[in-house]
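Structural features, examined
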Amino acid sequence: MRLFGLALTTLAATAVAFTALADGHSKALESAIQARKANMGVISYHTGLLGAMAKGDTPYDAAIATAAAENLASAASMNRMVLWLEGSAQGTMEGTRAKPEIWSDAAGFEEDAMALETATAAMVTAAGTDLDALRIAMAAVGTACGDCHKANRGPRN
Amino acid sequence: MRLIARTLTALVLFGVALGLYLTRPAALPDGFFANGTADPQAGALVFAAAGCASCHVAPEVEGEGPPVLAGGLAFLSDFGTFYAPNISPDRTAGIGAWTLSDFARAVTLGVSPGGAHYYPAFPYASYQHMTSEDVVNLFAFIQTLPASATPSRPHAVGFPFNIRRGLGLWKLAFVPDGYVVGADTAVLERGRYLAEGLVHCAECHTARNAVGGLNRAAWMAGAPNPSGKGTIPNITPAALDWSASDLVEYFTSGFTPDYDSAGGQMVEVIENLSQLPRADREAIAAYVKALPAVP
């Protein structure tokens, strides 16, 4: 009987430990998702500053454009290893549209992400040059965003 | 009694003759090529605006270099599955043996060189507006692309939709001549030519009736997505409040006013539109802003 009680206690303790572990793990995934979204927000904010100039909604200003482009390039080149944690895909976790392909085709995701790094690095130079250069670089940034979203972002729902 | 039989026979014959007459494949109008000197470089822009590659490049083939128009992309519909054909310059598998007239009739009238109607998965209802100059240049550009020997895949369409002659009636009912929206400036005219013609926006952004005809009364007011997922948005001013400069930016870089990126099939449309001169994207934006509001 005592043996049985001990076994039961051990079992219960193990179950609690596993739940806590899973909980901690899931918290880490949730935090990673939050951080990714914040990163996307930083990208979108700076792209918006450049876009407003490309559209002609705000006048072209080389200093502001350069500052925006530098931050954009920094945000685009964050180390992805700690942001895109395995297990944090749409379908597994709430509040994310990250497709499982990000992990199942890691090389493809890396290629798409590198395309954004390249395009935003080119934007740093273009933004300080003139409006025409900025517009051309803007189209390339847009293509990089779109290509990656097409391959790696799931539907909204 | 004999009189009745004769009258009936005559009526049936008349009916058949009328049917054949009404469903006959159209011929090109005289003088379609009056000023036809070919410029393949200008044709490359027509090719981009018309989005030819989006359907005719083999699915899952993406890469550098000129597009190979081998076909194969599947289009699911209520009538069956259509497969984009090979339109590369291969003489047997593609359109390499076609004359300019064959090509013009196919693109602007939806009629094959052999005189058969094409299914409207091919957007000739929009391409009917294509000028002969653009047709000539487009044909010249396609000749410069690589040939592919991949045979076209036959459509998987069941009875009665497999009777192509019937498409003659469909065309009569649903492919009226002329534009839908009025245009009173040169910019709007250009925008309309692009949006209603080459770029064929309405083929997705306008809802269809039970037999696939576009509902012109709800022009560009959105439609279910043929892929089955979600809807294609209403882009009339009743639903879309983007400014002209927002639209131009969207057509150029794919960024929405919130700096999200375009999704779905618009990604490819923007790849095409971004190749056009800025003035053309501004013209399309002007057209979209001028659309009659449909809630």
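Each remark here, short or long, concerns the structure printed above.
Residues numbered from 1 in each chain as written. Chains lettered and ligands numbered in written order. Predicted model: local features only at pLDDT ≥ 70, side-chain atom pairs only at ≥ 80, totals over all residues. Heavy atoms only, no water.

1. Examining the overall build of chain A
Scanning chain A for helices and strands turns up 5 helices and 0 strands. Taken from N to C terminus, the helices and strands of chain A fall in the order α-α-α-α-α. Within chain A, residue pairs in contact and separated by at least 24 positions form 73% of the contacts whose partners lie at least 6 positions apart. As presented, chain A carries roughly 8900 Å² of accessible surface, and 65% of it is formed by carbon and sulfur atoms. (Helix = DSSP H or I, 4+ residues; strand = E, 2+ residues; numbered from the N terminus. Contact = heavy atoms within 4.5 Å. Areas by Shrake-Rupley, 256 points an atom, 1.4 Å probe, with all protein chains shown as cover.)

2. Observations concerning the interface of chain B and chain A
Interface size is commonly expressed as the accessible area that is lost once the parts come together. At the junction of the two partners, chain B supplies 16 residues and chain A supplies 21 residues. Area buried by chain B at its contact with chain A is led by B:Phe255, B:Tyr259 and B:Ser261, which between them contribute 34% of it. The interface formed by chain B and chain A includes 3 salt bridges. Put simply, B:Glu268 and A:Lys150 hold a salt bridge, and the shortest N to O gap is 3.5 Å. Counting across the interface, chain B meets chain A through 7 residue pairs in polar contact (both at pLDDT 80 or more). Taken together, the elements giving at least two residues each to the side of chain B that touches chain A come down to helix 10 (244-253) and helix 11 (266-273) of chain B. With 5 residues, helix 10 of chain B is the largest single contributor of residues to the side of chain B that touches chain A. For the side of chain B that touches chain A, the class distribution of residues is 4 nonpolar, 4 polar and 8 charged. (Buried area = accessible area lost by both parts, 1.4 Å probe. Salt bridge = Lys/Arg side-chain N within 4 Å of Asp/Glu carboxyl O. Polar contact = N/O pair within 3.5 Å; in protein donor to acceptor, adjacent residues only side chain to side chain. Nonpolar A, V, L, I, M, F, W, Y, C, P; charged D, E, K, R; others polar.)

3. Details of a nonpolar patch on the surface
All names here are of chain B. Taken together, Phe-14, Leu-18, Tyr-21, Leu-22, Leu-169 and Leu-172 make up a surface patch of nonpolar side chains, about 590 Å² in accessible area. Those elements that place two or more of their residues in the nonpolar patch are helix 1 (2-22) and helix 7 (167-174). Among the elements that make up the nonpolar patch, the one with the highest residue count is helix 1 (4 residues). With respect to the helices, strands and loops of the structure, Leu-18 is situated in helix 1. (Patch = residues over 30% accessible without salt bridge, like charges linked within 9 Å, V, L, I, M, F, W, Y side chains within 5 Å.)

4. Considerations on the environment of B:Val107
Residues and elements named next belong to chain B. Positionally, Val-107 belongs in helix 4 (residues 100-109). It is 9.4 Å that separates the C-alpha atoms of Val-107 and Ser-126, two residues lying 19 residues apart in sequence. Not counting residues within four places of it along the chain, the set of residues in contact with Val-107 comprises Phe-122, Tyr-124, Tyr-127 and Met-130.

5. A short note on the sheet that holds strand 3 (residues 156-157) of chain B
All names here are of chain B. The strand order across the open sheet formed by 3 strands is 1-2-3, and the pairing between neighbours is antiparallel. Looking at which strands have only one partner, the edges of the open sheet turn out to be strand 1 (74-77) and strand 3. As defined by bridge partners, strand 1 adjoins strand 2 (residues 80-83) across 4 bridges and the pair is classed as antiparallel. Residue pairing across strands places Ser-77 opposite Gly-80, the latter belonging to strand 2. (Pairing = 2+ DSSP bridges.)

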